[in-house]
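# A structural walkthrough
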Amino acid sequence: MAAVVKYPSGVEDVKVITDGSSSAPAPDAERVRLAQADAGEQDWRAWGPYLSERAWGTVREDYSEHGTAWDYFPHDHARSRAYRWSEDGMAGVCDDRQTFCFALALWNERDPILKERMFGLGGDGGNHGEDVKDYWWYEDSTPTHSWMRWRYHYPQAAFPYDELVAVNGLRGRDDTEYELVDTGIFDDDRYWAVTVDFAKATPTDLCMVVTVVNRGDRAERLHVLPHLWFRNTWAWGLPGGDRVPQIVGEGARLVGEHWVLGQVRLEGDGDPTPLLCDNDTNAERLWGLPSRTPYPKDGINDHVVDGAETVNPELTGTKGALHYVLDVPAGGQRQIRLRLTRTAPPPGAVDSPPADLGDGFEAVVWARRAEANRFFDGVIPANASADEALIARQAIAGLMWGKQFYHFDVKRWLEGDPGSSPPAGRRHGRNSAWWHMTSFDVISMPDPWEYPWYAAWDLAFHCVSIARVDPGFAKDQLLLLLREWYLHPNGQIPAYEWAFGDVNPPVHAWAALKVFEIDGSRDHDFLARMMHKLLMNFTWWVNRKDTGGNNVFEGGFLGLDNVGPFDRSAALPVAGVLEQSDGTGWMAMYALNLLDIAIVLAEHDRTWVDTATKFFEHFTYIAAAAYDQGLWDDEDAFFYDVLRLADGTKVPLKVRSVVGLLPLAAVTRLPARTLHRLPELGARLRWFLTNRPEYASVVGARRIGPDGRQQRLLSMCGPEQVVRVLARMLDTDEFLSEYGLRTLSRAHLDKPFAVTLGGQEFCVGYEPAESTSGLFGGNSNWRGPIWMPTNFLLISALRDYAAFFGEDLQVEYPTRSGVKKTLDEIADDLSARLIALFTRDDWGRRPIYGAAQLFQTHPDWRDLIAFPEYFHGDNGAGLGAWHQTGWSALVADLILTLRR
């Protein structure tokens, strides 16, 4: 029998009665949707928040000769100029091919333009690199985007575009950035709090509620313009690509017709005015040339703001909006209901009935919200505090909103479209060696505004957290960058669109193992698919980044930007080779990761045994070489980069940074069970210890494990080195801060490192906040701040060592405190310190918000969580990209692990 529980608006939750005294809840609806999507039964991921927050100022849109992306396509062009590769907008949704787009536009009757997209400054305008100035948050999202919430705070006074540009332009690297809140525009609460709730009735039927709240003390008017448009695929002269879709305005709805998509309709309640123009460039405004249409892309903007006759009176076009004018009293609010629906398949020319914006609409919204709560109740441990649960849920929401449609055909971009002739320099400039790459995918981005393009090692960390809620998508993402249309024929993984050939740390194998484990350690096909391509990538590293053939690696900046005294990716200031402790540590870790994958696969398929023994050997060569080639300084008990000059002289660069801590992450265990099931591996290990005793320090440690049987430790840092390096890492005068591990020892505050090379002095000093260095544009600082990904790796390593040593190894924590703790206890405390960056302290303040009183104390702001790129090394204040939810969302994984 079944009991039916009635909820408002007819929503039902069916509970199946298993016996006469107990009931089991109905299946988690969101997990059912995920299973349907993974099985290909219903494509719940077909529509999502895949519209970027910024498409202007990107490499894809840059057709200049010298790669000046921010100048070639500035913000001032964005409202008037059709994008070539993708679209942008606020609260944006599109299909997974970005055929159509939906986004919100606002106008407060004081701004010079509609607020259609977020505003910010490029590297030449911000005094610390790219910097967005608007404030918005991703409050919620399920993995299938069946339920989402987006929030934006829009000033009621004129947005101070010119002031932000002028003041930031006058500030140098020693100054703080001038932010929107610094202008005083939010004083007296004169702003609009705009929230959009999204709920899917079906995979292609999306209910939306736009809520605008007047936080000010006087009545105000707000124009709300939900937009529907088609991505411009017709203006580029491609063969067979000149077919133009159409949108028609019909009262309170916009009806789009597309030969592939079919019919898509945006319908709103109330009595809005439909406005139509074309998603084509206003060439007359930009360059004084004739436009393709009398109603170009900025037609709706010019009509609403200036009253110009720039919208099509025939109510047709390729870009449309429903224009609402809302008068809202002080403290009052208004709501708009919208429904975006695919109403018919191709050809789609049908007369569909009006959308349900009444009881059925309300039932969908209520149900999806309730189902989202139920889903996250099954994800976030009950032991987590209410504040931690809030943070974890918003971190996951940011990851989900960070998915973006990414389109980039590099060969076509290099050559130009038919009828266009890009400057000759482009053929030999940026990304010219990556002509094989063709991207047309939904990808997890580091930050939807400041980094609206994937980055290889960022994405690997994203996938670890994403796997907690959607392991299918996480696995697909890791596999994607290894597919033949991404992976270079030589085996290199593309780094990011500014320079695909830059080198990111090789963390894909590590992430694959983490995702495999989170998913239940059962998808061996996934691991095998990863392994085949990772073998190519590992070989690329060995062939390209070990120039001396001595198992000590270079690699360049390796994602750590300005961590060294000079740019590690540029030509050295003197003739020689920079042998890197982090590059060598990464490769030792990579070899162990591939060993672990091979072991898992070999237990199901014996053909992988030889691969396991290969990576066991390769690890020993790399780990031992770090000592043989002088990367380890026994007196300082630390790993350093070493500059090997042309005459053979070695110059250690004694900067105590995260570069010297990362070798700790090269660690794994070989339990007796593994050696018993794979006797070939055990035999090879014994042969090594007998015939190559010089490698015993990295493979020789053994002890009795929890199962009462012997286990082996494979680690770049032997037991003695582990203790000595940890003494530095856990020292509050060096790396350990109240909120995690700094990337540079605080000892360099009083004693900066300096070296003279080629007649020029290079220095590294402790900088806990924004960088004063211009390396890499000055927008990343690895000279003191706390970074989540490296902290996460080191915490994971501590847990690996703890699994080997158990309670037998205890070290002082903090160093010189006299208090000894196990490595698991230390990992727990480091996790808690990182979580404390986001949680309210005893005074109700969140360290990430620093001295920003509005964010710390205002009830409308303080529980909206930002996920900054990195954090002040002393006080934890958030720095860098403000919405870098990608790897800062690792805090969710830390919460789930610590509170499990």
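Residues numbered from 1 in each chain as written. Predicted model: local features only at pLDDT ≥ 70, side-chain atom pairs only at ≥ 80, totals over all residues. Heavy atoms only, no water.

Attention now moves to the overall build of the chain. Along its length, the chain carries 24 helices and 38 strands. Rg of the C-alpha trace for the chain: 28 Å, near the compact-globule value of 29 Å for 900 residues, within the 12% margin. Taking the principal axes of its C-alpha atoms as reference, the chain extends roughly 85 × 80 × 60 Å. Expressed as a percentage of the 900 residues in the chain, the buried residues total 63%. For the chain, long-range pairs separated by at least 24 residues make up 71% of all intrachain contacts whose partners lie at least 6 apart in sequence. The centroid of the 89 positive side-chain charges in the chain is displaced by 4 Å from the centroid of its 125 negative side-chain charges. (Helix = DSSP H or I, 4+ residues; strand = E, 2+ residues; numbered from the N terminus. Rg over C-alpha atoms; globule rule 2.2 N^0.38 Å. Buried < 20%, exposed > 50% of the residue type's maximum accessible area, 1.4 Å probe, protein only. Contact = heavy atoms within 4.5 Å. Lys, Arg positive; Asp, Glu negative; His and termini not counted. Charge placed at Lys NZ, Arg CZ, Asp CG, Glu CD.)

Given 3.6 residues to a turn, an α-helix orients residues that are three or four positions apart in the same direction. Burial runs high along helix α24 (residues 890-898): nine of the nine residues are buried. Turning to α24, the residues buried within the fold contact α8 (386-401), α10 (456-466), α12 (508-518), α20 (788-805), α21 (823-835) and α23 (885-888).

This brings us to the sheet that holds strand β19 (residues 319-328). Spatial ordering of the open sheet is given by β4-β5-β6-β13-β19-β17, a layout of six strands whose pairing is antiparallel. This sheet does not close on itself; its edge strands, each paired only once, are β4 (47-48) and β17 (273-277). Of the pairings in the sheet, the one linking β4 to strand β5 (residues 90-95) comprises two bridges and is antiparallel in character. Following the sheet pairing, G48 is matched in β5 by C94. (Pairing = 2+ DSSP bridges.)

A few words on the environment of T142. Mapped onto the elements, T142 comes out in the loop between β9 (135-141) and β10 (147-155). By relative accessible area, which is 1% here, T142 ends up buried. As for T142 and G332, which are separated by 190 residues in sequence, their C-alpha atoms are 29 Å apart. Excluding its chain neighbours within four sequence positions, the residues that come into contact with T142 are E30, W147, A372, F376 and M400. Within the structure, T142 has its side chain in polar contact with the side chain of S146 (distance 2.9 Å). (Polar contact = N/O pair within 3.5 Å; in protein donor to acceptor, adjacent residues only side chain to side chain.)

This brings us to the sheet that holds strand β26 (residues 641-645). Read from one edge of the open sheet, three strands run β23-β26-β27, paired in antiparallel fashion. In this open sheet, the two strands that pair with only one neighbour each are β23 (576-579) and β27 (650-653). Pairwise comparison of adjacent strand axes, ignoring direction, gives a mean angle of 20° for this sheet. Both β26 and β27 contribute to a ladder of four bridges, which runs antiparallel. (Axes fitted to C-alpha atoms, helices over the stretch in contact; angles between N-to-C directions.)

Before going further, it helps to examine the pattern of salt bridges. Pairs can form between side chains of opposite charge once their charged atoms are near each other. Applying the stated criterion across every chain, the model contains 61 salt bridges. A salt bridge links E220 to R218; its shortest N-O distance comes to 3.3 Å. For E220, a relative accessible area of 9% translates into the label buried. For R899, the salt bridge is made with E388, and the minimal N-O distance between the two is 2.8 Å. On the criterion of sequence distance, the pair formed by R899 in the segment after α24 and E388 in helix α8 is long-range, its members being 511 residues apart. Take R899: its relative accessible area is 26%, and that puts it in the partly exposed class. (Salt bridge = Lys/Arg side-chain N within 4 Å of Asp/Glu carboxyl O.)

A few words on the nonpolar core. Core analysis: the largest hydrophobic core is formed by 265 residues, its most contacted members being W150, F198, V224, L340, Y801 and F838. By residue number, the principal contributor to this core is helix α14 (residues 581-602), which donates 14 residues. Ranked by size, the runner-up nonpolar core spans 12 residues in total, among them L578, L653, L757 and V764. (Core = buried A, V, L, I, M, F, W, Y, C linked by side-chain atoms within 4.5 Å.)

To continue, consider helix α19 (residues 719-729). Among all positions in α19, only Q721, V722, V725, L726, R728 and M729 are buried. The arc that holds every buried residue of α19, seen down its axis, measures 155°, which confines them to one face. (Arc of directions from axis to C-beta.)

Quick look at the side chain of R265 now. Here R265 shows up in strand β16 (residues 262-268). A polar side-chain atom of R265 sits 3.4 Å from a polar atom in the side chain of E267. Among the polar contacts listed, one links the side chain of R265 to the backbone oxygen of P353, at a separation of 2.7 Å. Excluding residues within four positions of it along the chain, R265 makes contact with R253, L254, V255, R339, L340, T341, T343, S352, P353, P354 and A355.

This paragraph deals with the packing of helix α11 (residues 471-480) against helix α13 (residues 524-544). In contact at an axis separation of 10 Å, α11 and α13 are set at 15° when each is read in the N-to-C sense. One finds that α11 runs roughly parallel with respect to α13. Both α11 and α13 take part in a crossing whose hand is left-handed. Where α11 abuts α13, its residues K475, L478 and L479 lie against F526, R529 and M530. (Parallel < 35°, antiparallel > 145°, perpendicular 65-115°, else oblique. Left-handed = near helix turned anticlockwise from the far one by under 90°.)

Before going further, it helps to examine the packing of aromatic side chains. Counted according to the given criterion, the structure contains 62 aromatic pairs. When the ring of F566 is compared with that of F762, the centres are 5.6 Å apart and the planes differ by 75°; the resulting orientation is edge-to-face. One end of the pair, F566, is in the loop between α13 and β23; the other, F762, is in strand β34 (residues 760-764), and 196 residues separate them in sequence. With respect to burial, F566 and F762 carry one shared label: buried. Feature note: the residues Y63, W85, Y406, F408, W413, W434, Y454, Y486 and F500 constitute an aromatic cluster, connected by ring pairs. Its end group placed over the ring of W44, R33 keeps NZ or CZ at 5.5 Å from the ring centre. A cation over an aromatic ring shows up here: R84 above the ring of W85, its NZ or CZ 4.2 Å from the ring centre. (Phe/Tyr/Trp six-rings, centres within 6.5 Å; stacked < 30°, edge-to-face > 60°. Lys NZ or Arg CZ within 6 Å of the ring centre and 35° of its normal.)

Residue position: P652 is located in strand β27. Separated by 20 residues in sequence, P652 and W632 have C-alpha atoms that sit 9.6 Å apart. Once residues within four sequence positions are removed from consideration, P652 is found in contact with D641 and V642.

Moving on to the pairing of β26. Of the strand pairs in this sheet, β23 and β26 are connected by four bridges, and their pairing is antiparallel. Paired with L578 across the strands is L643, a residue of β26. Remark: four residues form the turn of the hairpin made by β26 and β27, two consecutive strands paired antiparallel; G648 in that turn has positive phi of roughly 95°.

What follows concerns the confidence of the model for the chain. For the chain, the mean per-residue pLDDT works out to 93, and 97% of the residues sit at or above 70. Of the regions scoring below 50 in pLDDT, residues 1-23 engages in 38 contacts with residues more than four places distant in sequence or in other chains. (pLDDT = per-residue confidence, 0-100.)

Moving on: the side chain of R253. Its place among the elements puts R253 in strand β15 (residues 253-258). Residue classification places R253 among the buried residues on the basis of a relative accessible area of 13%. Residues within four places of R253 in sequence aside, it is in contact with V248, R265, L266, E267, L322, D351, S352, P353 and P354.

Counting buried positions over the 10 residues of β19 gives eight, a clear majority of the element. Direction of pairing for strand β13 (residues 220-230) relative to β19: antiparallel, over a ladder of eight bridges. Following the sheet pairing, L222 is matched in β19 by L326. Taken together, the five bridges between β17 and β19 define a ladder with antiparallel strand orientation. If you follow P274 over to β19, its bridge partner there is L322.

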